[in-house]
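Here's the letter readout for the chains.
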Amino acid sequence: MKRTNTHRISPLGIIIGKTDTGERLQISLGHTLIVGATGSGKGSVLWSYLIGAQHYLDMQQQGLFLLGYDPKRSELAQVQGNRFFRVVFETDDALELIRTLVHKMRQRQQAGTRTFKPTAQDPFTLLVIDEFNSLTTAGDNAWRKEIKANMMALLSQGRSAGIYIVAAAQQPQKEAIGDYRQHFMNRICLRVENAMEVDMVLGAGAVEQGAEAHLISPATESNGYLTAGIGYTRTDSEPRPVRFRAPRITDGDIALWCSGGEL
Ligand SMILES: Nc1ncnc2c1ncn2[C@@H]1O[C@H](COP(=O)(O)OP(=O)(O)OP(=O)(O)O)[C@@H](O)[C@H]1O
Ligand SMILES: [Mg+2]
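Keep in mind it's a predicted model, so treat the numbers as computed, not measured.

Parameters and conventions
Residues numbered from 1 in each chain as written. Chains lettered and ligands numbered in written order. Predicted model: local features only at pLDDT ≥ 70, side-chain atom pairs only at ≥ 80, totals over all residues. Heavy atoms only, no water. Phe/Tyr/Trp six-rings, centres within 6.5 Å; stacked < 30°, edge-to-face > 60°. Helix = DSSP H or I, 4+ residues; strand = E, 2+ residues; numbered from the N terminus. Buried < 20%, exposed > 50% of the residue type's maximum accessible area, 1.4 Å probe, protein only. Polar contact = N/O pair within 3.5 Å; in protein donor to acceptor, adjacent residues only side chain to side chain. Axes fitted to C-alpha atoms, helices over the stretch in contact; angles between N-to-C directions. Parallel < 35°, antiparallel > 145°, perpendicular 65-115°, else oblique. Left-handed = near helix turned anticlockwise from the far one by under 90°. Contact = heavy atoms within 4.5 Å. Nonpolar A, V, L, I, M, F, W, Y, C, P; charged D, E, K, R; others polar. Near = heavy atom within 4 Å. Core = buried A, V, L, I, M, F, W, Y, C linked by side-chain atoms within 4.5 Å. UniProt positions renumbered as here; feature names shortened; annotations may be inferred. Pairing = 2+ DSSP bridges.

**Q** An account of the packing of aromatic side chains is requested, with residue identities and associated values reported.
**A** As enumerated under the stated definition, the model contains 7 aromatic pairs in all. On the numbers, 6.0 Å between centres and 45° between planes, the contact of Phe124 with Tyr164 is tilted. Here the residue Phe124 occupies a position in strand β6 (residues 124-129), and Tyr164 occupies one in strand β7 (residues 163-169), the gap between them amounting to 40 residues. The class for Phe124 is buried, based on a relative accessible area of 12%. The exposure class assigned to Tyr164 is buried, which follows from its relative accessible area of 7%. Three or more aromatic residues joined by ring pairs form one cluster here, namely Trp47, Phe84 and Trp257.

As structure tokens, this is what we get:
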């Protein structure tokens, strides 16, 4: 597991992959949106982010409280174990989980500190949502309405209460992402269908500045998933979009990490 050292030596941020020049790409702990067509490798980026976040916080002797919602029962289907406190798959459970998180946020806000100070009993909390687009399509009107109100609260106020969302979505359009998009500090665009979608994810002018995520060719079994995990993002230190590739993370890696092992 070559990645161990790469993560360990950098306390500055969360390493999610390597740039074309071989440098480690770091992003900050924050609400993170990963968009890409089916098979583009959102899973690789998602797991790199989670594993990277754990390393980053480990180095500061801080913990990470992980929660998940996976309506497709794919990415998070096998993660129950030491690392995740709770993972849900059904709409009703998702609403209950998200409500509980908002409650936790309100309690932390009551403490009245401007910046959340994590402790061993009360660490940073991260909610992973795979298939984020389902928030605008699943359930009935009442479900969507309540999910939206709670998610907007988490996205707009969660950061200062130490609560973050990491979401993976196939579609970046407003109908699919709702009003959530602007609240994601980190936005990552893997292969998408057209240039407009790239700008929707990374912001107007991203394509012009070189984020050609619409030109990435599909990764398939027959080409050995040659392009999976390749994408673009903007970082704090570099306003121009940077191309990078997240490493492949196998089911075995995920099982090992989720049961408390190190990668
Ligand atoms: N960095 C990588 N290197 C090599 N193969 C990869 C990499 N990232 C992902 N893959 C492979 O590409 C395939 C698709 O990846 P993944 O399941 O993460 O896609 P996805 O974007 O989540 O798709 P979906 O929206 O359908 O869930 C998987 O078989 C995965 O093993
Ligand atoms: Mg996926």
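**Q** For the side chain of Arg108, give the residues involved together with the corresponding values.
**A** Of note, Arg108 is situated in helix α3 (residues 91-110). When its relative accessible area of 9% is taken as the criterion, Arg108 is described as buried. In this structure the side chain of Arg108 is engaged in a polar contact, spanning 3.4 Å, whose partner is the backbone oxygen of Gly162.

**Q** Can you break down the packing of helix α2 (residues 42-59) against helix α7 (residues 251-258) residue by residue, with the values?
**A** When two helices pack together, their arrangement is given by the angle between the helix axes and the distance between those axes. Put simply, α2 and α7 touch, their axes get as near as 12 Å, and they point 30° apart. Between α2 and α7, the interaxial angle falls into the category roughly parallel. Read as a crossing pair, α2 and α7 show a hand that is left-handed. Residues Trp47, Leu50, Ile51 and Gln54 of α2 lie in contact with α7, whose contacting residues are Ile254, Trp257 and Cys258. The residue inventory of the contact of α2 with α7, partitioned by class, reads 6 nonpolar, 1 polar and no charged.

**Q** Any details on the site of ligand 1? Residues and values, ideally.
**A** Around ligand 1 there are 17 residues in total, and Thr38, Lys42, Ser44, Gln170 and Ala246 lie nearest to it. Lys72 has a polar side-chain atom sitting 2.9 Å from an oxygen atom of ligand 1. The element best represented in the shell around ligand 1 is α2, accounting for 3 residues.

**Q** So, the nonpolar core: which residues are in play, and what are the values?
**A** In summary, soluble globular proteins display a tendency toward joint burial of nonpolar side chains. Core analysis: the largest hydrophobic core is formed by 43 residues, its most contacted members being Phe132, Leu135, Met151, Leu154, Ile165 and Tyr180. Those elements that provide at least two residues to this core are β3 (32-35), β4 (64-69), α3, β6, α4 (141-157), β7, α6 (195-202) and β9 (230-233). When residues of this core are assigned to their parent elements, the largest contribution, 7 residues, is made by α3. Setting aside anything within four residues of it in sequence, one finds Leu135 in contact with Tyr69, Ile129, Trp143, Arg144, Ile147, Met151 and Tyr180.

**Q** Lay out the side chain of Thr32 in plain terms, naming residues and giving numbers.
**A** Among the structural elements, Thr32 can be located in strand β3. Thr32 gets classed as buried once you look at its relative accessible area, which sits at 0%. Within the local environment of Thr32, its side chain forms a polar contact with the side chain of Tyr49, the two groups lying 3.4 Å apart.

**Q** Quick one: what's the story with the UniProt feature "binding site: ATP" (unreviewed entry) in the chain, residue by residue and with numbers?
**A** Per the UniProt entry, the sites bearing "binding site: ATP" (unreviewed entry) are Gly36, Ala37, Thr38, Gly39, Ser40, Gly41, Lys42 and Gly43 in this numbering. By the secondary structure assignment, Gly39 is in the loop between β3 and α2. The exposure class assigned to Gly39 is partly exposed, which follows from its relative accessible area of 43%. With residues near it in sequence (within four places) discarded, Gly39 still touches Ala219 and Ala228. Mapping Gly43 onto the fold places it in helix α2.

**Q** Requested: an account of unusual backbone geometry, with residues and values cited.
**A** The phi dihedral of Glu131 is positive, around 55°, even though this residue is not glycine. Positive phi values are uncommon outside glycine, yet Tyr225 reaches one of about 55°. By the element assignment, Tyr225 lies in the loop between α6 and β9.

**Q** Can you break down the sheet that holds strand β2 (residues 24-27) residue by residue, with the values?
**A** Within a beta sheet, neighbouring strands are joined by backbone hydrogen bonds and run either parallel or antiparallel to one another. Read from one edge of the open sheet, 10 strands run β2-β1-β10-β9-β8-β3-β7-β6-β4-β5, paired in mixed fashion. At either margin of the open sheet sits one strand with a lone partner, and together these are β2 and β5 (84-88). Adjacent strand axes in the sheet meet at a mean angle of 30° when their direction is disregarded. Here α2 sits on the sheet in contact with β1 (14-19), β2, β3, β4, β5, β6, β7, β8 (186-189) and β10 (242-245), set at roughly 130° to β1. Seen against the sheet, α6 touches β3, β8 and β9 and runs at an angle of roughly 165° to β8.

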